[in-house]
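These are the residues of each chain, in order.
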Amino acid sequence: MAIDTPKVMLSEEQILQRVDELAVEISKDYAEKGEIVLVGVLKGAFIFLADLSRRLTIPRHIEFIAVASYEHGSVPTGAVRLVMDVRASIEDKHVLIVEDIVDTGHTLHYLIDMLKTRNPASVRTCALLHKEHNTDVEVNVDYLGFSIGDEWVVGYGLDYAEQGRSFPYIGSVQPDDQ
Ligand code: IMP
């Protein structure tokens, strides 16, 4: 299937309705805790983070982090490396990692372990999507938007080879190499 005609899986309305619900839940859970540090995982989470952060009713500080997967040829090895770090110290802060999608779990697992070494007050995770049947490493997603099957999805910040990030909905595509 061509990338310009994805099969719509989640409409813009469905996504924003769920983002509203997540924001209410997160705002309630952190109401007594003071400031929360949202750590958005680039690039895919940038739209989700923007929408989620604007709906929170608690004080929040926004950071970004970027990672890449180590590959052997074109095959992912499961190992992850840091490409861009957060700018601020997270010591004694309540950290919420905001991820677009959890697939094998390696990225989130790496980020949780890495950020925990910096003595934050807490680390929780929020992901818009989770391909639960693809999990290699168990990771706890504290706030989950939607569970989906094993399909490649684009839109709402997610891409296939840098295409499709700007679609307002989330749609599935069939990548050429699958
Ligand atoms: P994991 O380390 O296998 O959990 O992969 C997480 C990362 O893979 C996400 O942050 C995305 O960048 C990317 N990814 C996995 N599945 C998809 C997809 O269906 N569409 C777009 N990106 C994806």
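Residues numbered from 1 in each chain as written. Predicted model: local features only at pLDDT ≥ 70, side-chain atom pairs only at ≥ 80, totals over all residues. Heavy atoms only, no water.

Trainee: Sorry, what's going on with the sheet that holds strand E3 (residues 60–72) here?
Mentor: Taken together, the six strands give an open sheet; going across it, the order is E4-E3-E2-E5-E6-E7, and neighbouring strands pair in mixed fashion. Taken across any chain shown, the strands that pair with only one partner, and hence form the sheet edges, are strand E4 (75–84) and strand E7 (143–147). Each neighbouring strand pair of the sheet contributes to a mean axis angle of 25 degrees, computed without reference to strand direction. The pairing of E3 with E4 spans six bridges and is classified as antiparallel. Directly across from Val67, in E4, lies its bridge partner Leu82. Most of the contacts of helix H3 (residues 106–116) go to strand E5 (residues 94–102), to which it runs at about 165 degrees, and overall it touches strand E2 (36–42), E3, E4, E5 and strand E6 (122–130). (Pairing = 2+ DSSP bridges. Helix = DSSP H or I, 4+ residues; strand = E, 2+ residues; numbered from the N terminus. Axes fitted to C-alpha atoms, helices over the stretch in contact; angles between N-to-C directions. Contact = heavy atoms within 4.5 Å.)

Trainee: What should I look at first to understand the pairing of E2 in this one?
Mentor: Strand residues, when the strand is regular, have side chains that alternate between the two faces of the sheet. Counting buried residues along E2, six of its seven residues qualify, which places the element largely inside the surrounding structure. For E2 and E3, the ladder comprises seven bridges, and the chain directions are parallel. Of the residues in E3, the one forming a bridge with Val37 is His61. Sheet topology note: the E2/E5 ladder contains five bridges and is parallel. Counterpart to Gly40 in the pairing with E5 is Val98. (Buried < 20%, exposed > 50% of the residue type's maximum accessible area, 1.4 Å probe, protein only.)

Trainee: Could you clarify how one ought to interpret the site of the ligand in this entry?
Mentor: Surrounding the ligand, one finds 15 residues, the nearest of these being Asp103, Thr104, Gly105, Thr107 and Val153. Residue Asp100 places a side-chain N or O atom 3.0 Å away from an oxygen atom belonging to the ligand. Gly105 is positioned such that a nitrogen or oxygen atom in its backbone is 2.9 Å from an oxygen atom of the ligand. Protein chains bury 82% of the 500 Å² of accessible surface belonging to the ligand in isolation. Every element with two or more residues in the shell around the ligand is listed here: E5, H3 and strand E8 (152–154). Among the elements that line the shell around the ligand, the one with the most residues is E5, at four residues. For the shell around the ligand, the per-class residue count stands at five nonpolar, four polar and six charged. (Near = heavy atom within 4 Å. Polar contact = N/O pair within 3.5 Å; in protein donor to acceptor, adjacent residues only side chain to side chain. Areas by Shrake-Rupley, 256 points an atom, 1.4 Å probe, with all protein chains shown as cover. Nonpolar A, V, L, I, M, F, W, Y, C, P; charged D, E, K, R; others polar.)

Trainee: Would you mind showing me how to read the packing of aromatic side chains here?
Mentor: All told, the structure shown has one aromatic pair when counted by the stated rule. Centre to centre, the rings of Phe167 and Tyr169 are 5.3 Å apart; their planes meet at 10 degrees, and the pair counts as stacked. A relative accessible area of 22% places Phe167 in the partly exposed class. Over the face of the ring belonging to Tyr30 we find Lys33, whose NZ or CZ atom lies 5.1 Å from the ring centre. (Phe/Tyr/Trp six-rings, centres within 6.5 Å; stacked < 30°, edge-to-face > 60°. Lys NZ or Arg CZ within 6 Å of the ring centre and 35° of its normal.)

Trainee: I tried to follow the packing of helix H1 (residues 12–29) against helix H2 (residues 46–55) on my own but got confused; where do I start?
Mentor: When two helices pack together, their arrangement is given by the angle between their axes and by how far apart the axes lie. Where H1 meets H2, the closest approach of the two axes is 9 Å, and the angle between their N-to-C directions is 50 degrees. Judged by the angle between their axes, H1 and H2 are oblique. Helix-helix and strand crossings are classified by hand; for H1 and H2 the assignment is right-handed. Residue-level contacts link Leu16, Val19, Asp20, Leu22, Ala23, Ile26 and Ser27 of H1 to Phe48, Asp51, Leu52 and Arg55 of H2. In the contact of H1 with H2, the residues fall into seven nonpolar, one polar and three charged. (Parallel < 35°, antiparallel > 145°, perpendicular 65-115°, else oblique. Left-handed = near helix turned anticlockwise from the far one by under 90°.)

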